[in-house]
Amino acid sequence: MRISSLTPWAAGLAAASLLLLPSSATAGQRSASGSPAPAGASAGVSPAGVSSDAAVDAYYAAAEGKTGAALKTALHTIIKSQSKVTYDGVWNALKVTDQDPANSNNVILVYSGRSQSKSTNGGGVNDWNREHVWAKSHGDFGTATGPGTDLHHLRPEDVTVNSTRGNKDFDKGGSPVSEASGSFTDSDSFEPRNAVKGDVARMLLYMAVRYDGGDGFADLEMNDKVNNGSAPAMGRLSVLKQWNLQDPPDAFEQRRNQVIYDTYQHNRNPFIDHPEWVDSIW
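Tell me about the nonpolar core, and name the residues and values.
Among the nonpolar cores identified, the biggest contains 41 residues, and Leu75, Trp134, Phe170, Leu204 and Met222 are the most heavily contacted of them. When contributions to this core are tallied by element, the ones reaching two or more residues are helix H2 (53-59), helix H3 (68-79), helix H6 (197-210), helix H7 (237-246) and helix H10 (277-281). The dominant element in this core, judged by the number of residues it contributes, is H6, at 9 residues. With near-sequence residues (within four places) excluded, Trp134 lies in contact with Phe141, His153, Leu204, Met207, Ala208, Leu220, Glu221, Met222, Pro232, Ala233 and Met234. In this structure, Val85, Val90, Ala93 and Leu109 belong to the second largest nonpolar core, which totals 13 residues.

Here's what the structure looks like:
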């Protein structure tokens, strides 16, 4: 199950086995002024951002050759073994996982794409806070250690934009979102900017595999609806599958996955390593 022999997306991670991620590793970020960040921005990746393809293959060995429901079950068994971070601990973790490749003093806000000082985390206007990409009301897990603190779906975001997204499902369309250029929202859904559409999809799909009701939390599942409310479900699946194809994992997302594995939770998001598994399961 060599990653480099599967898809161009997965092959990108294999390249990281030989050297640090290239200086072009960006997250489609924008500067604080809103203009695109330079394409040649330095990645600033530590050795924690590097893994061998053989090590990743070994991690998924129990899933080799499986498809559909059997693959989902195998992946759940693999990734449920993890260390947990407290909700207070998430603040400092995000300053590492989402560090701006071009400025080590900043983080990249997921929907806004803005590069912002790590020190401006909080609850004030224009601060950044902890966005639950899988809305914590969908399954009513709140900020409990477990799904409420899982770094694989927690990202920094502008306080106002976070509020605008609220607990909406993901779908196409709506009106432009202030302070999040390229994002749109309506009464029951949110559409993120193009550069992170795939990131959002893979975070949600990770949650649906990791949390299956067996560890005291709700069984989180994907569906093809919006307006899921407090049900332990997120949609719209058909759109998220499109986004997974449209926006394959980039170096920023791959590095983030590796840092969470190496430093914090010691588990991986399988859909960053193997985006093709999305269509195999769903």
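Alright, that's what it looks like, and here's the rest.
Outline the pairing of strand E8 (residues 180-185), supporting the account with residue identities and numerical values.
Of the strand pairs in this sheet, strand E7 (residues 175-177) and E8 are connected by 3 bridges, and their pairing is antiparallel. By the bridge assignment, Pro176 is partnered in E8 with Phe184. Taken together, E7 and the strand that follows it, E8, pair antiparallel across an intervening segment of 2 residues, in which Glu179 is found at a positive phi of about 70°. Here E8 runs beside strand E9 (residues 189-191); their pairing, made up of 2 bridges, is antiparallel. Across the sheet, the residue bridging to Thr185 is Phe190, located in E9. Linking two consecutive strands that pair antiparallel, namely E8 and E9, is a turn of 3 residues.

I'd like a description of the packing of aromatic side chains, backed by residues and values.
Both the distance between ring centres and the angle between the ring planes are used here to describe each pair of aromatic rings. Applying the stated criterion across every chain yields a total of 7 aromatic pairs. Note on Tyr111 and Phe190: the rings are 4.9 Å apart at their centroids and 50° apart in plane angle, and the pair reads as tilted. Note that Tyr111 is positioned in the loop between strand E2 (103-108) and strand E3 (115-117) and Phe190 in strand E9, a separation of 79 residues in sequence. On the accessibility criterion, Phe190 (0% relative accessible area) is buried.

The rules behind these values
Residues numbered from 1 in each chain as written. Predicted model: local features only at pLDDT ≥ 70, side-chain atom pairs only at ≥ 80, totals over all residues. Heavy atoms only, no water. Core = buried A, V, L, I, M, F, W, Y, C linked by side-chain atoms within 4.5 Å. Buried < 20%, exposed > 50% of the residue type's maximum accessible area, 1.4 Å probe, protein only. Helix = DSSP H or I, 4+ residues; strand = E, 2+ residues; numbered from the N terminus. Contact = heavy atoms within 4.5 Å. Pairing = 2+ DSSP bridges. Phe/Tyr/Trp six-rings, centres within 6.5 Å; stacked < 30°, edge-to-face > 60°.

So far we have only geometry, and geometry alone does not tell us how the molecule works.
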